[in-house]
Number of protein chains: 2
Amino acid sequence: MTTELSPYWLRDNCPCAECRDPRNGQKLFQITDLPQDLAIAARAELDGHLEVLWSDGHRSRYPSGWLAVEADGDGRTESDKRLWAAADFAHGVPEAHWEAYLADPAERAAVLAAVSRSGFAVLRGVPVRERQVLEVAQTFGYVRATNYGELFDVRVEPDPNNLAFTSAAIAPHTDNPYRDPVPTLQLLHCLENSATGGDSGLVDGFRAAALLREEAPEHFAALTRTPVPFVFRDRVSELRADRPLIEVDPLGRIREVRFNNRSIATLRGPAAELDAFYAAYRAFAAITLRPELRLDFRLDPGDCLIFDNTRLMHARTAFAQDGRRHLQGCYADVDSLASTLAVLHRRSAALDELEALFAGEGAGEYLGEAVTMAEHMLQAGALAEAAGAAPHLVAAALLHDVGHFQGALHGRDLMHGQDNRHSDTGADWLARWFGPEVTGPVRLHVAAKRYLCAVEPDYRARLSEASEYTLRVQGGPMSEQDAAAFAAHPGARDAVAVRRWDEQAKEAGAPVPDFAHFRPLLTSLMR
Amino acid sequence: MTTELSPYWLRDNCPCAECRDPRNGQKLFQITDLPQDLAIAARAELDGHLEVLWSDGHRSRYPSGWLAVEADGDGRTESDKRLWAAADFAHGVPEAHWEAYLADPAERAAVLAAVSRSGFAVLRGVPVRERQVLEVAQTFGYVRATNYGELFDVRVEPDPNNLAFTSAAIAPHTDNPYRDPVPTLQLLHCLENSATGGDSGLVDGFRAAALLREEAPEHFAALTRTPVPFVFRDRVSELRADRPLIEVDPLGRIREVRFNNRSIATLRGPAAELDAFYAAYRAFAAITLRPELRLDFRLDPGDCLIFDNTRLMHARTAFAQDGRRHLQGCYADVDSLASTLAVLHRRSAALDELEALFAGEGAGEYLGEAVTMAEHMLQAGALAEAAGAAPHLVAAALLHDVGHFQGALHGRDLMHGQDNRHSDTGADWLARWFGPEVTGPVRLHVAAKRYLCAVEPDYRARLSEASEYTLRVQGGPMSEQDAAAFAAHPGARDAVAVRRWDEQAKEAGAPVPDFAHFRPLLTSLMR
């Protein structure tokens, strides 16, 4: 196969450690550092890799699969969204309980994914207290302060500087279009809602824009090409941003919607262009008011609505002054939310990988013991759990031998006299996900065996045959001096505890929980 | 003249109080509230206004000049910038001293205007202490927290997650291109710089982009139409934004530049497109390295550089580890900076208006006194100043009679028996700009006269003839009960002080400072 390859593109993506920082993937050279007329001098497919020799002598090696990776996006355009109408939520809106959201990363990921895909989610049972909304925002990102403050109160105010602070109905709109950068996320936390009316409404602005494109492409085009001056002015602010109502990316995909009738200032231009814009604007506004697009629901005290302010339009019905209505809101940004979600997915993927290792390599023999490696480790985890050990010790017991899964050396090689330093290998590998409270005992579990053999003569006598054998390649019992030093190590106690479960966990046919049983505990320890 | 007018546009801009909130200019109707087939039923030019009768019966009235206002922009595209090369700052960079910046709004406006127009400014003499950079940002906006924290330290770190935290040279780049919204402003505050090297460089990215457009329009076009995946990934972040290197607004004007070689991830597409992009990218990168574009300077302790991160690229030279280099940085946004600048301009315009009133109406006679109104007020202000009074009292003394400048009633009418309530009129007018510490004594200065006449028999004897006359239309001396109530008022003391300067400030021919003398003091009191 001789695919046509773009030379500078290919070289810019060289994955070698000279070209990219292995820690963060940042490129270590400038594009201008590459020679003029860079060319591929030679190329070969070897061992599932494309090997390239460059005209300047550099060598690159790309996994063959990498070349064929499909383009994906940053998740911000319509192509990564689930466009919706109200009926799509007939069974209920994306929601989660606050406690579950905090405790369970899978629940947290589901909420953030809903905001990312559908543009919103509701948290229920969020403590009804002032400033709590800021804590909600901090679970996935950073609060964006504006002229309204770090947070703002939505309730009837005596001399309101904004329609929001009255009891009037508000048509679907996005907030702060006069800011650039516009706050991309909004949170509204209900503290009190005993008024008649005052329900919340949401409209998917991307869906409305897509409908406009379908029904009247010329109107859609007019809105994407006309920068509209949005203005807000009060005693201490004079904000202005000129942006189109519908913003598309360079490939023409809907990427942002700004829609706020109240703050559109005077557009200037020839009458014909103004006519075209106003016809398009009115058509788009009419679509946003279609009942089938509008999802109405009521926020009760403790509910916190999180939504994408570059996509969803929010509205509220008028309310009577027969009761009180008080929301606290704040702004944040979707980039941090997407990052938090990606890290949660990465963690979940890491656990998937671990689970696959237990099911795959883990099913192999364990240094001649009567149990497989996976059985051994699951038994060790279960023993720690049964002993009421702290979660980090259960995790360390469960994972103490992952070093055996890694690298080219397998258990049998160790039995043949090579110490593969599996305790270090395992601890290093786990350090990508777990803190020292988990990796410490893993790293020290071989040393703990040598220590126990030195200080507890009975202990050595109880070692399995295989373990007695490996003790020798691991260095034998510690000297008195080494044992004293080990005992003084702050992690010695945890390492010894894990070691004892390790020795016990070799019972053939003992019933063990499966890996999935330990996932919530592991997830809670991942950082 | 029958200009062609776009009906919906015209109606959407109706300035009447039914259509717009007079307090903040927010529109009070939805575009969809307007009838289909809205038309102008009748129009007429009257009294410098266009009067319109609409087909639905509404009437609008537009100042004729408003129709002809030229389109302006939000200040964010190349058309509102001063594009530069290094030689343009041969005489020095835009800078100000921190104390002057804080004390003098004109200095503050000049610094913010430089950031807005040239993309940067340097504050000198900023206190060398940790976290001070956050205070600098708060003088014009809000800090934007990121994964690097609320602020970040730029110094050599043991295990850096970013090239910034090493001593290596860094080529011109913008920060955080993997964020969307990208932080639009960056601040770098130098706390220590004793290393050899480590100088700062700036390149005007708009200028570089404009040069690319001039020299190779096809490259410019390729960069504006290609969304580039920018990625940053570390233990707790996974950020990605797909944006073009050069972003233009719908009218094709350069609006943002993102340029950061380190974080460009793998672009996908047909080889021909990748070739086109890489040719353009390399050409643009080469332009950013032209020596004539690069402005180099050294940040010394106490210097704080503020720059537009959507436009300017920043760089630094490598530095030796022979000394220490420590900057603290933070991000903020240009929308708030522009708002702060606009409010400063608005205040300055208000002082211009006051100055014009002193020079115009103020030159008129003052109720039959031997001085003009302006002389009287300037004398009162000067007397307060000479007495060492607090700034708010100097301002109140200077402005106590501005009520005479306002409305249809003039001093002569008051002399003819009408009390024009000039103390209230003046205080209300001043309240747009000044707090109660200034408006209070203005509001009470007539009451203070009636009070003093009640409690100090000598005082009344010293009144000028005109003042004795107006005392009657103002209600005469206070009753004992009213005087006691007045004395108990928390603002009585200040009002009485102003009143005494008022009475003394009627000396014909006395030398007075001009209005300009009082501007810095007035500006410092404006909110």
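Everything numeric in this text was worked out from a predicted model, so none of it was measured. (Residues numbered from 1 in each chain as written. Chains lettered and ligands numbered in written order. Predicted model: local features only at pLDDT ≥ 70, side-chain atom pairs only at ≥ 80, totals over all residues. Heavy atoms only, no water.)

Thoughts on the overall build of chain A
Logical step 1: A count of helices and strands for chain A gives 19 helices and 17 strands.
Logical step 2: Computed over C-alpha atoms, the radius of gyration of chain A comes to 30 Å, more than 25% over the 24 Å expected from 2.2 N^0.38 for 527 residues, which places it beyond the range of a compact globule.
Logical step 3: In terms of its C-alpha atoms, chain A occupies a principal-axis envelope of roughly 95 × 70 × 40 Å.
Logical step 4: Within chain A, the fraction of its 527 residues that count as buried is 55%.
Logical step 5: Of all intrachain contacts in chain A linking residues separated by at least 6 positions in sequence, the fraction that spans at least 24 positions is 74%.
Logical step 6: When the accessible surface of chain A is summed, it comes to about 21200 Å², and 52% of that surface belongs to carbon and sulfur atoms.
Logical step 7: When the 55 positive and 75 negative side-chain charges of chain A are each reduced to one mean point, those points stand 4 Å apart. (Helix = DSSP H or I, 4+ residues; strand = E, 2+ residues; numbered from the N terminus. Rg over C-alpha atoms; globule rule 2.2 N^0.38 Å. Buried < 20%, exposed > 50% of the residue type's maximum accessible area, 1.4 Å probe, protein only. Contact = heavy atoms within 4.5 Å. Areas by Shrake-Rupley, 256 points an atom, 1.4 Å probe, with all protein chains shown as cover. Lys, Arg positive; Asp, Glu negative; His and termini not counted. Charge placed at Lys NZ, Arg CZ, Asp CG, Glu CD.)

Considerations on the environment of arginine 298 of chain A
All names here are of chain A.
Logical step 1: Examined against the element boundaries, arginine 298 turns out to sit in the loop between strand 14 (294–297) and strand 15 (304–308).
Logical step 2: Judged by relative accessible area, which is 27%, arginine 298 ranks as partly exposed.
Logical step 3: In sequence terms arginine 298 and glycine 198 are 100 residues apart; their C-alpha atoms lie 7.8 Å from each other.
Logical step 4: If near-sequence neighbours (up to four positions away) are discounted, arginine 298 is found in contact with Asn193, Ser194, Ala195, Gly197, Gly198, Asp199 and Asp303.
Logical step 5: In this structure the side chain of arginine 298 is engaged in a polar contact, spanning 3.2 Å, whose partner is the backbone oxygen of asparagine 193.
Logical step 6: Looking at arginine 298, its side chain comes within polar contact range of the side chain of aspartate 199, at 2.6 Å. (Polar contact = N/O pair within 3.5 Å; in protein donor to acceptor, adjacent residues only side chain to side chain.)

Focus: the packing of helix 14 (residues 436–455) of chain A against helix 16 (residues 465–473) of chain A
Residues and elements named next belong to chain A.
Logical step 1: Closest axis-to-axis distance for the helix 14/helix 16 pair is 11 Å, and the angle between their directions is 100°. It follows from the interaxial angle that helix 14 and helix 16 lie roughly perpendicular. Residue-level contacts link Lys449, Arg450 and Cys453 of helix 14 to Ser467, Thr470 and Leu471 of helix 16. (Axes fitted to C-alpha atoms, helices over the stretch in contact; angles between N-to-C directions. Parallel < 35°, antiparallel > 145°, perpendicular 65-115°, else oblique.)

Details of the pattern of salt bridges
Logical step 1: Tallying each qualifying case throughout the model produces 76 salt bridges over all chains.
Logical step 2: Notably, a salt bridge pairs aspartate 428 of chain A with arginine 443 of chain A, separated by 3.0 Å at the nearest N-O pair. One end of the pair, aspartate 428 of chain A, is in helix 13 (residues 422–430); the other, arginine 443 of chain A, is in helix 14, and 15 residues separate them in sequence.
Logical step 3: Looking at arginine 443 of chain A, the relative accessible area reads 31%, which means it is partly exposed.
Logical step 4: Note that arginine 144 of chain B and aspartate 333 of chain B form a salt bridge whose closest N and O atoms lie 2.7 Å from each other. Of this pair, arginine 144 of chain B sits in the loop between helix 5 (132–138) and strand 6 (152–154) while aspartate 333 of chain B sits in the loop between strand 17 (325–332) and helix 9 (334–359), placing them 189 residues apart in sequence. (Salt bridge = Lys/Arg side-chain N within 4 Å of Asp/Glu carboxyl O.)

Considering the sheet that holds strand 9 (residues 200–204) of chain A
Residues and elements named next belong to chain A.
Logical step 1: Spatially, four strands are ordered 7-16-9-14 in an open sheet, and the strand pairing comes out antiparallel. The open sheet has two edge strands, strand 7 (170–173) and strand 14, and neither has a second partner. Going from strand to strand, the sheet's axes swing by 20° on average, the running direction of each strand aside.
Logical step 2: Packed on one face of the sheet, helix 6 (residues 205–215) meets strand 9 and strand 16 (312–316) and runs near 45° to strand 9. (Pairing = 2+ DSSP bridges.)

Some points on the interface of chain B and chain A
Logical step 1: On the side of chain A, 94 residues touch chain B, which itself brings 94 residues to the contact.
Logical step 2: At the boundary of chain B with chain A, total buried surface from both sides reaches about 7900 Å², with 46% on carbon and sulfur atoms.
Logical step 3: At the junction of chain B and chain A, the tally comes to 52 residue pairs in polar contact (both at pLDDT 80 or more).
Logical step 4: When residues of the side of chain B that touches chain A are traced back to their parent elements, those giving at least two are helix 1 (7–12), helix 2 (64–67), helix 7 (217–225), strand 10 (228–234), strand 11 (237–243), helix 8 (271–288) and helix 9 of chain B.
Logical step 5: Grouping the amino acids of the side of chain B that touches chain A by side-chain chemistry returns 41 nonpolar, 21 polar and 32 charged. (Buried area = accessible area lost by both parts, 1.4 Å probe. Nonpolar A, V, L, I, M, F, W, Y, C, P; charged D, E, K, R; others polar.)

Side note on the relation of the copies chain B and chain A
Logical step 1: Relative to chain A, chain B is turned by 179° and slid 0.1 Å along the rotation axis, the superposed coordinates differing by an RMSD of 0.7 Å. Expressed as a symmetry operation, the mapping of one chain copy onto the other fits a two-fold axis.
Logical step 2: By residue overlap, the copies meet face to face through one surface: 100% of the interface positions of chain B are interface positions in chain A. (Least-squares fit on C-alpha atoms with pLDDT ≥ 70 in both.)

So, the sheet that holds strand 1 (residues 40–46) of chain B
As a general point, the strands of a sheet are linked pairwise by backbone hydrogen bonds and lie either parallel or antiparallel.
Residues and elements named next belong to chain B.
Logical step 1: Sheet architecture is open: three strands sit in the order 1-2-3, paired in antiparallel fashion. Each edge of the open sheet is held by one strand with a lone partner, namely strand 1 and strand 3 (59–63). Each strand of the sheet is rotated relative to its neighbour by a mean of 20°, with strand direction disregarded.
Logical step 2: Direction of pairing for strand 1 relative to strand 2 (residues 49–54): antiparallel, over a ladder of six bridges. Opposite alanine 42, over in strand 2, you have leucine 53 as the bridge partner.

A short note on the packing of helix 10 (residues 373–386) of chain A against helix 19 (residues 515–525) of chain A
Residue and element names in this part refer to chain A.
Logical step 1: Orientation of helix 10 relative to helix 19, taken along the N-to-C sense of each, is 55°, at an axis distance of 11 Å. Considering their axes alone, helix 10 and helix 19 lie oblique with respect to each other. Like other packed secondary-structure pairs, helix 10 and helix 19 cross with a definite hand, here left-handed. Two secondary-structure elements touch here, helix 10 through Leu378, Gly381, Ala382 and Glu385 and helix 19 through Phe515, His517 and Phe518. (Left-handed = near helix turned anticlockwise from the far one by under 90°.)

Some thoughts on the confidence of the model for chain A
Logical step 1: Of all residues in chain A, 97% have pLDDT values of 70 or greater, and the mean over the chain is 92.
Logical step 2: The complex prediction reports pTM at 0.87, with the ipTM value standing at 0.87. (pLDDT = per-residue confidence, 0-100.)

Quick look at the UniProt feature "domain: TauD/TfdA-like" (unreviewed entry) in chain A
Logical step 1: Under the feature "domain: TauD/TfdA-like" (unreviewed entry), the UniProt entry names residues 103–331 of chain A.
Logical step 2: Within residues 103–331 of chain A, the helical portion is 26% and the strand portion 30%, while the C-alpha atoms at the span's ends are 24 Å from each other. (UniProt positions renumbered as here; feature names shortened; annotations may be inferred.)

Describing the pairing of strand 8 (residues 185–193) of chain A
Residue and element names in this part refer to chain A.
Logical step 1: Burial analysis of strand 8 places eight of its nine residues in the buried class, which makes it a mostly covered element.
Logical step 2: Of the pairings in the sheet, the one linking strand 8 to strand 17 (residues 325–332) comprises eight bridges and is antiparallel in character. Looking across to strand 17, one finds that leucine 185 is bridged to alanine 332.
Logical step 3: Relative to strand 15, strand 8 runs antiparallel, the two sharing five bridges. Bridge pairing in strand 15 places histidine 189 opposite cysteine 304.

Topic: the packing of aromatic side chains
Residue and element names in this part refer to chain B.
Logical step 1: Throughout the structure, instances matching the rule amount to 32 aromatic pairs over all chains.
Logical step 2: Look at phenylalanine 277 and tyrosine 278: their rings are 5.3 Å apart centre to centre, the planes differ by 90°, and that puts the pair in the edge-to-face class. One exposure class covers both phenylalanine 277 and tyrosine 278, and it is buried.
Logical step 3: Taking 4.9 Å as the distance between ring centres and 45° as the angle between the ring planes, the aromatic pair formed by phenylalanine 358 and phenylalanine 515 counts as tilted. (Phe/Tyr/Trp six-rings, centres within 6.5 Å; stacked < 30°, edge-to-face > 60°.)

What about unusual backbone geometry?
Logical step 1: Cis geometry is adopted by the peptide bond preceding proline 181 of chain A, which originates at aspartate 180 of chain A and carries an omega value of 10°.
Logical step 2: Inspection of the secondary structure puts proline 181 of chain A in the loop between strand 7 and strand 8.
Logical step 3: Residue aspartate 47 of chain A is not a glycine yet carries a positive backbone phi of 60°.
Logical step 4: As for its position among the elements, aspartate 47 of chain A is in the loop between strand 1 (40–46) and strand 2 (49–54).
Logical step 5: Positioned with a positive phi, aspartate 37 of chain B is a non-glycine residue whose angle comes to about 55°.

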